[in-house]
Amino acid sequence: MNRFSAIDASKLPSYAFSHCVPIWWGIIGLIVVEATVFASLVISFFYLQTNFPTWPPDGTQPPELLKPTLATLVLLASAIPMYWADSSIKEGKTFPLKVGPLISIALALAFLIMKVIEYRDIGFRWDTHAYGSVVWAIVGFHSAHVLALILKTSVVTTLAWQNYFNSKRRIGVTVNGLYWYFVVIIWIPLYMTIYWASHLLQS
Amino acid sequence: MTEHERTQVIDSSEETRLLTEVWRSPPGFFGWFTHVNQTSIGKRFIITGFVFFVLGGLLAALMRIQLSAPENNFLPPDLYNQIFTMHGITMMFLFAVPIMEGFAIYIVPLMLGTRDMSFPRLNAFGYYVYLIAGVAMYLALFLGMAPAVGWFAYPPLADARYSPGMGVDFYATVITFMEISALAAAVELIATIFKQRAPGMSLNRMPLFVWAVLVMSFMIVFAMPPLMVGSVMLALDRTVGTHFFIPGAGDPLLWQHLFWFFGHPEVYIILIPALGMISDILTTFTQRPVFGYTALVLSLVAIGFIGFGLWVHHMYTTGMPHLASNFFTAASSMVAIPSGVQIFCWLATLWGTRPRFATPLLYVLGFFFIFVIGGLSGVMVASVPFDTQVHDTYFLVAHFHYVLIGGAVFPLFGGLYYWYPKLTGRLMNETLGKVSFWLTFIGFNLTFFPMHYLGLQGMPRRVYTYLEPLGWGDINLFVSLSAGLLALGFLSSFINIFWSLKRGEPAGDNPWHADSLEWGTSSPPPAYNFRHIPVVIERHPLWEYQEGQDIPVVTGIRSDRRELLVTSLLDAHPQYRAVMPGPSVWPLLLAVAVGIGFGGFMFHNIFPVVGFVLSFIALAGWFWPRELTREVREESS
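Everything in this summary refers to the structure shown in the same document. (Residues numbered from 1 in each chain as written. Chains lettered and ligands numbered in written order. Predicted model: local features only at pLDDT ≥ 70, side-chain atom pairs only at ≥ 80, totals over all residues. Heavy atoms only, no water.)

**A look at the pattern of salt bridges**
Residue and element names in this part refer to chain B.
Step number 1: Summed over the entire model, instances satisfying the criterion amount to 14 salt bridges over all chains.
Step number 2: Residue Lys-434 pairs with Glu-430 through a salt bridge whose shortest N-O separation is 3.5 Å. Here the residue Lys-434 and the residue Glu-430 both occupy positions in helix 15 (residues 430-456), the gap between them amounting to four residues, near one helical turn.
Step number 3: Since its relative accessible area comes to 27%, Glu-430 is described here as partly exposed.
Step number 4: The salt bridge involving Arg-558 is made with Asp-560; its shortest N-O contact spans 3.1 Å.
Step number 5: Asp-560 gets classed as partly exposed once you look at its relative accessible area, which sits at 44%.
Step number 6: Through salt bridges with shared partners, a single network forms among Asp-392, Arg-461 and Arg-462. (Salt bridge = Lys/Arg side-chain N within 4 Å of Asp/Glu carboxyl O. Helix = DSSP H or I, 4+ residues; strand = E, 2+ residues; numbered from the N terminus. Buried < 20%, exposed > 50% of the residue type's maximum accessible area, 1.4 Å probe, protein only.)

So this is what it looks like as structure tokens:
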């Protein structure tokens, strides 16, 4: 059987952006998976609560609100330089990509240090009661994500300093940014659960 | 387009040689660990899946020997518990899901007319994770420390207090680890189906198997994470003293919710790809377009959604509020509607045709019979009073084997006979195939149908023996003998697989005169799948092309590097040429690193940290662009 050329692909580009690229869908898939994990943890938090007359259980104070709120703001702020880098590379500006992620990493590290200080003397452990178990699980799991984010972004930044990215080749920056926004945004419901729900449910 | 405008495509042998060279997987023992091509990985999933099927079947045979007589001493109680637990784990986690994914990984890119999956290395990684998990589970069994708590591992039985030893630790960590493989495959199947269809294959022209795999993948994405959360919690309860499922301190029922929120969709994760196989096999063997394509697609999607609303019917006897029971009774009965739509569409497809009764079609017809019985007993146990009566009896064992073996294994064997020529280039022996079908079909019904009766008589499941005066001995002996017949049926199929490998009739490209694109390339397909990417203008591309007619294809995809065509999500318009990664050892290293993190957790808390660091190193090595300077140079020139 004879074949004829209906489409000449050599005229098509060899790069693409955002949702045209399979890896964009791959990251979205990863984000959906992880969001489901976090949702399961939050649901477990409220499910376990129904077994207790008070929540947090007797003898445990609900966590204070001021410092965690500050830490949350720091984490939210870390997304801004990332967005700056992400949108600049679209126009071919490479400098923001060399600096922005470094600022983001610094802010994320600050968030992690604040969490370490907070949970060092929080007053309950994971084996104290079910409340402790689920709170430590949520915070621990999210902190592991922040850590992974820092490591991942440091690789992207190293490549940026080697001038690997440009206005055409930037899908790596896009998906790294997407994942960064996700880890930052998913913290908001977790923060509401651990801090605000603990307060509201006790009163 | 008029005739004279067409540019004839001439296959230059130089270009074919380049393609072969570029897409080739490295040979040799060490080369084996670097393969990333989807045909290679898919075949590994399928073969490994069948190995675990045989192992799981052997465990079932041991159980049937033990149960063939009352108060039998063939297996001690603890070993029996380990064996029935491993049978469940093997069939659900190590056989059914991976083998469906294996068929999807092998067949779907061919059906889509593309050269590889979106993330070939992730694909390879998923396989190694699966292999490591499976080997670890069986290592535990041979060391005599397999879990003995059922594949569902309910606390408090699965707690450190009631299940000391390493068994449940193996279970919890291996299950969590194993899910990574399923999730990776699901995400990349979604990306591949969305972005790599041949130009012109809009969503409404996708073969039904591709639709089914898409629905299955979405279900995996939402069903597996809760199980991962649950099994991590179980591991933490056992190792660092958390209170998630400890009675009084936490809640054992939370485990049941997390487990069955995964566990029920799991059944559909296995069933749905099988439904896709059935639709495509019916299309081929009736040689007519399937009846009600849109209705079939919608009912696949509907089953996918409803599948998430049924999990509580596994928990009717745990003391749920009445309203919840009512809701889940309604939802459980509702799933019969889209399932019925499927069955009626298939019957309408068969109506008035003279189908070719080859082995794949026989297995599909066997499915009809068995699955309808399983569906009927399903409607029965969906109602609370009936379920309360037969809960934890052999009625349930009968029901879910009818649904799972009937719903998934029969279509799977149909699919095996159907696609075997594509995988190997040879047809399976038809006579032996028919013999194997009848042995399997009769053996299956004789084994599992009497279990309905045993269940109604009150014989409890998961118990290693029963007492003489209960009078169940004769039927159990009959069941055990019939199980031998069933095993013979499967055995003859496996003999057929090996026999046909060398001596089967050469198949040619399209032995069944099928309609979908996987039959449009040679059998077995070359490493690059298609010499030219086809252009699709209709739902049944291969039936469109008459002898002697010109076939539209894509040209201009580079042959000197791994390149494939990426198209738009809805209409499959060509968008760009993507460069694909080649063979790599990093997926294996990452799988080992992650395995150290998960497996080591059973022994010491430091291992997850070690695994985390090693994984980071492996990932950095994986993603680091090796040809940094060359790529930059190429672009600036």
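**Description of unusual backbone geometry**
Step number 1: Residue A:Trp55 is joined to A:Pro56 through a cis peptide bond whose omega torsion reads 5°.
Step number 2: If you trace the backbone, A:Pro56 turns up in the loop between helix 1 (22-49) and helix 2 (66-77).
Step number 3: The amide bond that connects B:Ser523 to the next residue, B:Pro524, takes the cis arrangement and shows omega of -10°.
Step number 4: Topologically, B:Pro524 is positioned in the loop between helix 16 (473-503) and strand 1 (533-534).
Step number 5: A positive phi angle, near 55°, is found at B:Gln287, a position not held by glycine.
Step number 6: Here B:Gln287 lies in the loop between helix 8 (252-286) and helix 9 (293-306).
Step number 7: In this structure, B:His513 takes a positive phi of about 50° despite not being glycine.
Step number 8: Here B:His513 is to be found in the loop between helix 16 and strand 1.

**Quick look at the sheet that holds strand 1 of chain B**
Backbone-to-backbone hydrogen bonds pair the strands of a sheet. The strands run either parallel or antiparallel.
Step number 1: Read from one edge to the other, the open sheet built from three strands follows the order 1(A)-2(B)-1(B), with strand pairing classed as mixed. Lying at the two open borders of the sheet, with one neighbouring strand each, are strand 1 (3-8) of chain A together with strand 1 of chain B.
Step number 2: Two strands pair when backbone bridges link them, and strand 1 of chain B and strand 2 (residues 551-555) of chain B are joined in this way by two bridges, in the antiparallel orientation. By the bridge assignment, B:Pro534 is partnered in strand 2 of chain B with B:Val553. (Pairing = 2+ DSSP bridges.)

**A short note on the packing of helix 2 of chain A against helix 6 (residues 171-202) of chain A**
Residue and element names in this part refer to chain A.
Step number 1: With their axes 10 Å apart at the nearest point, helix 2 and helix 6 run at an angle of 170° to one another. One element, helix 2, and the other, helix 6, form an angle in the roughly antiparallel class. Contacts from Pro-68, Thr-69, Thr-72, Leu-75 and Leu-76 in helix 2 reach Val-183, Val-184, Trp-187, Ile-188, Tyr-191 and Tyr-195 in helix 6.
Step number 2: Among the residues making up the contact of helix 2 with helix 6, the classes are represented as nine nonpolar, two polar and no charged. (Axes fitted to C-alpha atoms, helices over the stretch in contact; angles between N-to-C directions. Parallel < 35°, antiparallel > 145°, perpendicular 65-115°, else oblique. Contact = heavy atoms within 4.5 Å. Nonpolar A, V, L, I, M, F, W, Y, C, P; charged D, E, K, R; others polar.)

**As for the interface of chain B and chain A**
Step number 1: On the side of chain A, 55 residues touch chain B, which itself brings 63 residues to the contact.
Step number 2: Both sides together, the interface formed by chain B and chain A hides about 5100 Å², and carbon and sulfur atoms give 69% of it.
Step number 3: In this assembly, chain B and chain A are joined by 18 residue pairs in polar contact (both at pLDDT 80 or more).
Step number 4: It is helix 7 (residues 208-239) of chain B that provides the largest number of residues to the side of chain B that touches chain A, a total of six residues.
Step number 5: Relative to strand 2 of chain B, strand 1 of chain A runs parallel, the two being bridged by five bridges. The residue bridging A:Asp8 from the neighbouring strand is B:Thr555, located in strand 2 of chain B. (Buried area = accessible area lost by both parts, 1.4 Å probe. Polar contact = N/O pair within 3.5 Å; in protein donor to acceptor, adjacent residues only side chain to side chain.)

**Remarks on the environment of B:Trp255**
Residue and element names in this part refer to chain B.
Step number 1: In this structure, Trp-255 sits in helix 8.
Step number 2: Judged by relative accessible area, which is 0%, Trp-255 ranks as buried.
Step number 3: Discounting residues that sit within four places of it in the chain, Trp-255 has contacts with Phe-152, Ala-153, Tyr-154, Pro-155, Tyr-171, Gly-230, Ser-231, Leu-234 and Phe-245.

**What about the nonpolar core?**
Step number 1: Formed by 268 residues in total, the largest nonpolar core has its most connected members in B:Phe103, B:Trp346, B:Phe413 and B:Trp419.
Step number 2: Leave out the neighbours within four places in its chain, and B:Trp346 touches B:Leu275, B:Ile278, B:Ser279, B:Leu282, B:Val290, B:Leu296, B:Phe367 and B:Phe368.
Step number 3: By size, the runner-up hydrophobic cluster in this structure holds nine residues, among which are A:Val156, A:Ala160, A:Tyr164 and A:Phe165. (Core = buried A, V, L, I, M, F, W, Y, C linked by side-chain atoms within 4.5 Å.)

These results come straight from atomic positions and should not be treated as a statement about function.
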